Amino acid sequence: MGRALRFLRWVLLLVLVALVVWFGGLGPYGFAPGGYLWGEVREPPADWSFTDAIPEIQLETRLFGLPYSVTIWVMSQGGRLFLGAIECDRVWVDQVKADPEIRLRVDGRVYEMRAEISTDRALGAALAPVLLHKYLGIAVDSANWIPGENTGCVFRVRPRA
Amino acid sequence: MIRGALVALGVLALACGSPLEGELVSEPVRDWSFARGAEDVAFETPGGARFRRVLVDTHVHGGKLYLLVSTIFSAEDAALNETLASGRVRARIAGKLYDLRATRLERAEDIDPFLPSLLRETMGMESEGARWDPLPDRYPGTQMRRWFFLLESDPR
């Protein structure tokens with residue numbers, strides 16, 4: 001009985017530590033997801049072009065009702081903000097589709113936003129040069145996604161209503 | 001059979017650090033078109049290092065073979081460092097081994113010609129005017145770290 005109680009105590013301690021780590025703002029880091037995004041909550045700016053100099057941001061969605069955050073790439077075009085996934089099968093993509101209310105942490109500041117997936121091919125073509133130049137160091141005059149040849153997704157991000 | 005499958009996939013070699021296995025091709029290869037789309041591709045340096053902390057990919061354009069190395073992390077990779085220093089690498093392509101000279105490409109005039117086919121094959125994208133511009137003013141320091149190598153036969 002005593003051993004069982006000690007074991008239970010250790011399990012509870014581990015769960016407590018895991019929760020502290022999860023919510024403690026230690027993640028996300030690299031490919032590892034995290035939980036709640038801590039930081040000063042700010043009003044969204046009208047112009048997001050300052051993110052051109054920021055390689056990665058953190059996105060918080062909900063997983064089974066709990067905060068779940070990942071590190072992602074970000075693009076701006078005409079001052080508007082977009083999130084992109086090279087592969088649409090990312091966990092966060094499904095979560096944002098299911099619940100568009102997201103939180104973003106950009107340079108330590110948190111913005112409460114709403115993300116909507118876009119299937120607009122013209123928008124995809126407009127963002128392709130941004131993606132190539134910002135992340136791959138390839139400048140193009142124009143670029144178009146070949147239908148059926150890519151599996152990416154783009155989300156337009158707006159302030160919550 | 002299981003070991004054979006793991007070796008063929010490179011999993012066992014990767015796990016235990018054993019050298020790449022396969023028939024060594026001693027004749028120079030001038031046209032690498034057969035390597036396009038090959039899935040069983042692996043590399044090691046003359047010192048036996050494997051690329052572990054970086055992503056590696058190959059690309060064939062105009063019969064020439066290119067090695068593309070990239071990472072979003074700042075960590076060093078032993079195989080990349082050795083390849084940069086020695087300019088030599090061994091590849092296994094479709095079960096055969098090739099000793100190669102790896103020449104790093106840094107000039108846009110060497111990289112630009114294969115960018116359209118690279119974007120088409122790796123990103124599903126048709127492009128016009130593609131050019132290598134690794135340090136653009138508008139996006140300072142946001143790019144993945146990338147290294148391009150031209151691979152040519154270097155039978156020993």
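These notes cover the structure that comes with them. (Residues numbered from 1 in each chain as written. Chains lettered and ligands numbered in written order. Predicted model: local features only at pLDDT ≥ 70, side-chain atom pairs only at ≥ 80, totals over all residues. Heavy atoms only, no water.)

Some words on the state of the cysteines
All names here are of chain A. Cut-off, in case you're wondering: Any pair of cysteine sulfurs within 2.5 Å is marked as a disulfide. A run of DSSP states H or I qualifies as a helix once it reaches four residues; a run of E qualifies as a strand once it reaches two. Both are numbered from the N-terminal end. Buried residues are those whose accessible area, probed at 1.4 Å on protein chains only, stays under 20% of the maximum for their type, while exposed residues exceed 50% and partly exposed ones sit between those limits.
What the rule picks out here adds up to 1 disulfide over all chains. For Cys88, the disulfide goes to Cys153, at an S-S distance of 1.3 Å. Its S-S torsion of approximately 70 degrees makes the covalent link between Cys88 and Cys153 right-handed. You can see Cys88 sitting in the loop between strand 4 (80-85) and helix 2 (91-98) and its partner Cys153 sitting in strand 9 (residues 153-159), a full 65 residues away along the chain. For Cys153, a relative accessible area of 6% gives the class buried.

Some remarks on a nonpolar patch on the surface
Residues and elements named next belong to chain A. The condition is simple: The residues that make up patches have over 30% relative accessible area and no salt bridge, and they are joined within 9 Å when like-charged or within 5 Å when they are Val, Leu, Ile, Met, Phe, Trp or Tyr. Surface exposure here means Shrake-Rupley accessible area, sampled with a 1.4 Å probe, where a residue is shielded only by the protein chains that are shown. In the sections that follow, a salt bridge refers to a side-chain nitrogen of Lys or Arg positioned within 4 Å of a carboxyl oxygen of Asp or Glu.
Taken together, the side chains of Trp10, Leu13, Leu16, Val17, Val20 and Val21 define a hydrophobic patch exposed on the protein surface, amounting to about 590 Å² of accessible area. Residue position: Trp10 is located in helix 1 (residues 2-23). Overall, Trp10 belongs to the exposed group, its relative accessible area being 56%.

Examining the side chain of Ser70 of chain B
Stated precisely, the cut-off is as follows: In this analysis, two residues are considered to be in contact whenever any of their non-hydrogen atoms come within 4.5 Å of each other.
Here Ser70 of chain B lies in strand 4 (residues 64-71). Excluding residues within four positions of it along the chain, Ser70 of chain B makes contact with Val54, Leu55, Met144, Arg145 and Arg146 of chain B.

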